[in-house]
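Coordinates in review
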Amino acid sequence: MKTIEELINELFDHLCGKQLVSCIKYPFYSDNETKRISEQEAKQVFIHLLEKYKISYSVETPTINKYKFGDSPVRDKNGISARIDVSTYSNDTVDHHIEFKALNPDIKCYAKDFLKLYNEGKQGGINYFIQIISKGDKGTINSLSEKYFKCRKYRNNRDKTVKVYIINLDKKSIYSFDLKTIQSREALENQMKSLLES
């Protein structure tokens, strides 16, 4: 069976035009020159790969825990059940949860996703955060490294791993890391620069 990492690499190949695995079209904006970059196409291609390799999955999976999402999202028994973009299964048991993000949205978007990924799934499990960016310039890298580093607080000493994959469409590069191994924002920013700007 293919691993999630192998599927992410196939997704990367598709998004960068190296090996097309889906017939999905990327629409243009009204200027007829700018292609839309969104998480929706990436998610659909990923689902296509799950189907291709006969990996059981669900989409918009309801969370087991309840959350309150505001300026500072928290797990709260009086909150609401949230949704996770895609989940994979062995038999009827969730193996992994996967969230997709495109471009560089507000920190709140990251916070709620990382809160869910660190709180959902099996003990000791691995969940994934896949980000698609259109460029890896200094401003983007600075902004992303700051957001990722701030999201470390949602780990709360849990034994889950969240692997982050950044796909840079402009440079046709992919970079991955586990937030718990990052000691400082500056270290993360330097690592990201070397891989995304080259």
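Shown above is the structure to which this text applies.
So, here is what we can say about the structure in this document. It should be emphasised that the depicted structure is a prediction, and the values quoted were computed from it without experimental measurement.

**Let's talk about the overall build of the chain**
Helix and strand content of the chain: five helices and seven strands. Listed N to C, the secondary structure of the chain is α-α-β-β-β-β-α-β-α-β-β-α in terms of helices and strands. Computed over the C-alpha atoms, the radius of gyration of the chain is 17 Å, within 12% of the 16 Å expected from 2.2 N^0.38 for a compact globule of 198 residues. Within the span of the chain, comprising 198 residues, buried residues form 46% of the whole.

**Topic: the pattern of salt bridges**
Under the counting rule described, the total for this entry stands at 16 salt bridges. D137 is paired through a salt bridge with K135; the nearest N and O atoms lie 3.4 Å apart. Classification of D137 as partly exposed rests on a relative accessible area of 31%. For K135, a relative accessible area of 42% gives the class partly exposed. Counted as one network, the salt bridges with shared partners bring together E99, K101, D113 and K116.

**Describing the packing of helix α1 (residues 4-15) against helix α2 (residues 39-52)**
One way to put it is that α1 packs onto α2 with a least axis distance of 10 Å and a crossing angle of 130 degrees. Judged by the inter-axis angle, α1 sits oblique to α2. The hand of the α1/α2 crossing is right-handed. The segment α1 lies against α2, with I4, L7, I8, E10, L11, H14 and L15 engaging A42, V45, F46, L49, L50 and K52. Of the residues contributing to the contact of α1 with α2, the split by class is 10 nonpolar, one polar and two charged.

**Notes on the side chain of H97**
Residue placement: H97 occurs in strand β4 (residues 93-102). Judged by relative accessible area, which is 5%, H97 ranks as buried.

The rules behind the values
- Residues numbered from 1 in each chain as written.
- Predicted model: local features only at pLDDT ≥ 70, side-chain atom pairs only at ≥ 80, totals over all residues.
- Heavy atoms only, no water.
- Helix = DSSP H or I, 4+ residues; strand = E, 2+ residues; numbered from the N terminus.
- Rg over C-alpha atoms; globule rule 2.2 N^0.38 Å.
- Buried < 20%, exposed > 50% of the residue type's maximum accessible area, 1.4 Å probe, protein only.
- Salt bridge = Lys/Arg side-chain N within 4 Å of Asp/Glu carboxyl O.
- Axes fitted to C-alpha atoms, helices over the stretch in contact; angles between N-to-C directions.
- Parallel < 35°, antiparallel > 145°, perpendicular 65-115°, else oblique.
- Left-handed = near helix turned anticlockwise from the far one by under 90°.
- Contact = heavy atoms within 4.5 Å.
- Nonpolar A, V, L, I, M, F, W, Y, C, P; charged D, E, K, R; others polar.

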